[in-house]
Amino acid sequence: MSSEFEYFEPEEIVDLTNPAKETDLEWESILNNLEEKPESGEQDSEEWKKMKENLQESEREGQENSGVHISRERMEDGTLRETIRSPLLEKMIQEREREQIGIHDADEAAKEWHMQKYDDTCAVVSQQFILNEYTKVMETEDEMRFAAMNHGWYVPGEGTLKEDIGNLLELYGVRTTEKMAASFDDILQASRQDERMIVTVNDCALNTEYCDYYPFFSSNHAIEIVTVDEVNQKVIINDPGIADGCLKEVSYDNFKDAWSTGLNYLLIAHRD
């Protein structure tokens, strides 16, 4: 006779009635049931064992209100179904979702971040972040600023025009795609391909949650998008204009407000 187990979606796990606590006798009974030899099938799998170990670790740590529910049910076809509902599994499911939708390692992008030296080099520095991560040429801000000045893509005291963002990357051999009035889905698709991006925003709207005045702002700043955390609905950015700008997390709503001030300009830097 075979056995199987099933997952519950995270939204089904959050609101539990009469959850078991690790200190309850019910909790001991739950773990004892898991200790029983399964008849066959999925409960022998490594994944099932990992779930069990996580539950036992939670018990040892003395966490309260775990909300764990484990039930057994004999199906009409004779299958024994053992079901776990637990916030611990919610975390496991979210981690799996993060892997599936491409929440990429941002360590390399973090290594390239630094604050801009000049008030008007945000676009130059955002390109520098990507160039040095992609190619490892390790150009400095001053070197890229000088190259941009020589080509007319940067004017001291004025900065870089939107249509000139990306020219430095192209100069050094990084292929780019520029989009005006891009959609947020464009950002999601690029993030899933592990491609870095540059957008223009208003810095006040970006760094002020629920800013009431953003519709009256215009963009005045360029930042790098490192990736998107679709599980927690955060845009992960490298902002060269602020001290805590390395891998800064910005909520979807906050980002979209700030991005709209630049008319949803988007530059995608391709890895190929």
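Reading guide: rules and limits
All residue numbers refer to positions counted from 1 along the written sequence of the respective chain. Given that the model is predicted, a residue must reach a pLDDT of at least 70 before its local features are reported, and side-chain atom pairs must reach 80 or more before they are shown or counted; all residues, however, enter totals for whole chains, interfaces and linings. Here the side-chain values reflect all heavy atoms present in the structure, with hydrogen atoms and water set aside. Only DSSP runs of H or I with at least four residues qualify as helices, and only runs of E with at least two residues qualify as strands; both kinds are numbered from the N terminus onward. Exposure is judged per residue with a 1.4 Å probe applied to protein chains only, and the accessible area is read against the type maximum: over 50% gives exposed, under 20% gives buried, and values in between give partly exposed. Residues are treated as being in contact if the distance between any of their heavy atoms lies within 4.5 Å. Values of accessible area rely on a 1.4 Å probe in the Shrake-Rupley scheme; residue burial ignores everything except the protein chains shown. To get an axis, a line is fitted to the C-alpha atoms, and for a helix only the part in contact is used. The angle between two axes follows their N-to-C directions and goes from 0 to 180 degrees. Two helices crossing with the near one rotated counterclockwise from the far one by less than a right angle form a left-handed crossing, whereas a clockwise rotation gives a right-handed crossing. Three categories are distinguished: nonpolar for Ala, Val, Leu, Ile, Met, Phe, Trp, Tyr, Cys and Pro, charged for Asp, Glu, Lys and Arg, and polar for the others, with Gly belonging to the last. To form a nonpolar core, buried Ala, Val, Leu, Ile, Met, Phe, Trp, Tyr and Cys residues must be joined to one another through side-chain atoms within 4.5 Å. Salt bridge, as used here: a side-chain nitrogen of Lys or Arg that lies within 4 Å of a carboxyl oxygen of Asp or Glu. Think of it this way: DSSP has to see at least two bridges between two strands before they count as a pair. As used here, the arc is the angular range of directions from the helix axis to the C-beta atoms. For classification purposes, angles smaller than 35 degrees are called roughly parallel, those larger than 145 roughly antiparallel, those between 65 and 115 roughly perpendicular, and all remaining angles oblique.

### Thoughts on the overall build of the protein chain
Logical step 1: Check the secondary structure of the protein chain and you find 11 helices and 9 strands.
Logical step 2: Across the 272 residues that make up the protein chain, the buried fraction comes to 47%.
Logical step 3: Partitioning the intrachain contacts of the protein chain with sequence separation of at least 6 by distance along the chain shows that 67% fall at a separation of at least 24.
Logical step 4: Carbon and sulfur atoms form 45% of the exposed surface of the protein chain, whose accessible area is close to 14,300 Å².

### Let's talk about the packing of helix 9 (residues 184-192) against helix 11 (residues 252-260)
Logical step 1: Axis separation between helix 9 and helix 11 bottoms out at 12 Å; the angle between their running directions is 115 degrees. The chirality of how helix 9 crosses helix 11 is right-handed. Each of Phe 184, Ile 187 and Leu 188 in helix 9 lies in contact with helix 11, whose residues at this interface are Tyr 252, Phe 255, Lys 256 and Trp 259.
Logical step 2: The class makeup of the residues in the contact of helix 9 with helix 11 is 6 nonpolar, no polar and 1 charged.

### Description of the nonpolar core
Logical step 1: Counting residues in hydrophobic clusters, the biggest one holds 22 residues, and the most contacted among them are Phe 184, Ile 187, Val 199, Ile 225, Phe 255, Trp 259 and Leu 266.
Logical step 2: Going through the elements one at a time, helix 9, strand 5 (196-201), helix 10 (203-207), strand 6 (221-229), strand 7 (234-238), helix 11 and strand 9 (266-269) are the ones with two or more residues in this core.
Logical step 3: Beyond its immediate stretch of four places on either side in the chain, Leu 266 contacts Thr 177, Glu 178, Lys 179, Ala 182, Asp 186, Ile 187, Met 197, Ile 198, Val 199 and Trp 259.
Logical step 4: Residues Ala 147, Ile 165, Leu 168 and Ala 222 belong to the second largest nonpolar core, which totals 20 residues.

### Topic: the pattern of salt bridges
Logical step 1: Counted by the stated rule, this structure contains 10 salt bridges.
Logical step 2: One salt bridge in this structure joins Lys 136 and Glu 108, with 3.0 Å as the shortest N-O distance. Of this pair, Lys 136 sits in the loop between helix 6 (122-135) and helix 7 (141-150) while Glu 108 is found in helix 5 (residues 107-112), placing the two residues 28 residues apart along the sequence.
Logical step 3: Salt-bridge contacts for Arg 271 lead to Glu 133; the nearest nitrogen and oxygen are separated by 3.3 Å. Note that Arg 271 is positioned in the segment after strand 9 and Glu 133 in helix 6, a separation of 138 residues in sequence.
Logical step 4: The partly exposed category is assigned to Arg 271, whose relative accessible area is 39%.
Logical step 5: Connected via shared salt-bridge partners are Glu 133, Asp 194, Arg 196 and Arg 271.

### A closer look at the environment of Val 250
Logical step 1: Following the sequence through the fold, Val 250 ends up in strand 8 (residues 248-251).
Logical step 2: Separated by 41 residues in the primary sequence, Val 250 and Glu 209 place their C-alpha atoms 9.0 Å from one another.
Logical step 3: Leave out the neighbours within four places in its chain, and Val 250 touches Leu 206, Gln 233, Lys 234, Val 235, Ile 237 and Phe 255.

### Quick look at the sheet that holds strand 7
Logical step 1: Spatially, 6 strands are ordered 4-9-5-6-7-8 in an open sheet, and the strand pairing comes out antiparallel. Looking along the sheet, the strands with just one partner apiece sit at the ends: strand 4 (176-179) and strand 8. The mean angle between the axes of side-by-side strands here comes to 35 degrees, regardless of whether they run parallel or antiparallel.
Logical step 2: The sheet contacts of helix 6 involve strand 5, strand 6, strand 7 and strand 9, and relative to strand 6 the element is tilted by about 40 degrees.
Logical step 3: Its contacts with the sheet put helix 11 on strand 5, strand 6, strand 7, strand 8 and strand 9, and the angle it makes with strand 8 is roughly 85 degrees.

### A closer look at helix 7
Logical step 1: Along helix 7, the residues that are buried comprise Glu 141, Met 144, Arg 145, Ala 147 and Ala 148. All buried residues of helix 7 fall inside an arc of 160 degrees around its axis, so they share one side.
Logical step 2: Looking at the buried residues of helix 7, the elements they touch are helix 6 and helix 8 (167-171).

### Some thoughts on the packing of helix 6 against helix 7
Logical step 1: Here helix 6 crosses helix 7 at 120 degrees, and the two axes come no closer than 10 Å. With respect to helix 7, the axis of helix 6 lies oblique. Between helix 6 and helix 7 the crossing geometry is right-handed. Residue-level inspection shows Val 124, Val 125, Gln 127, Gln 128 and Leu 131 of helix 6 in contact with helix 7, the latter providing Glu 141, Met 144, Arg 145 and Ala 148.
Logical step 2: When its residues are assigned to classes, the contact of helix 6 with helix 7 shows 5 nonpolar, 2 polar and 2 charged.

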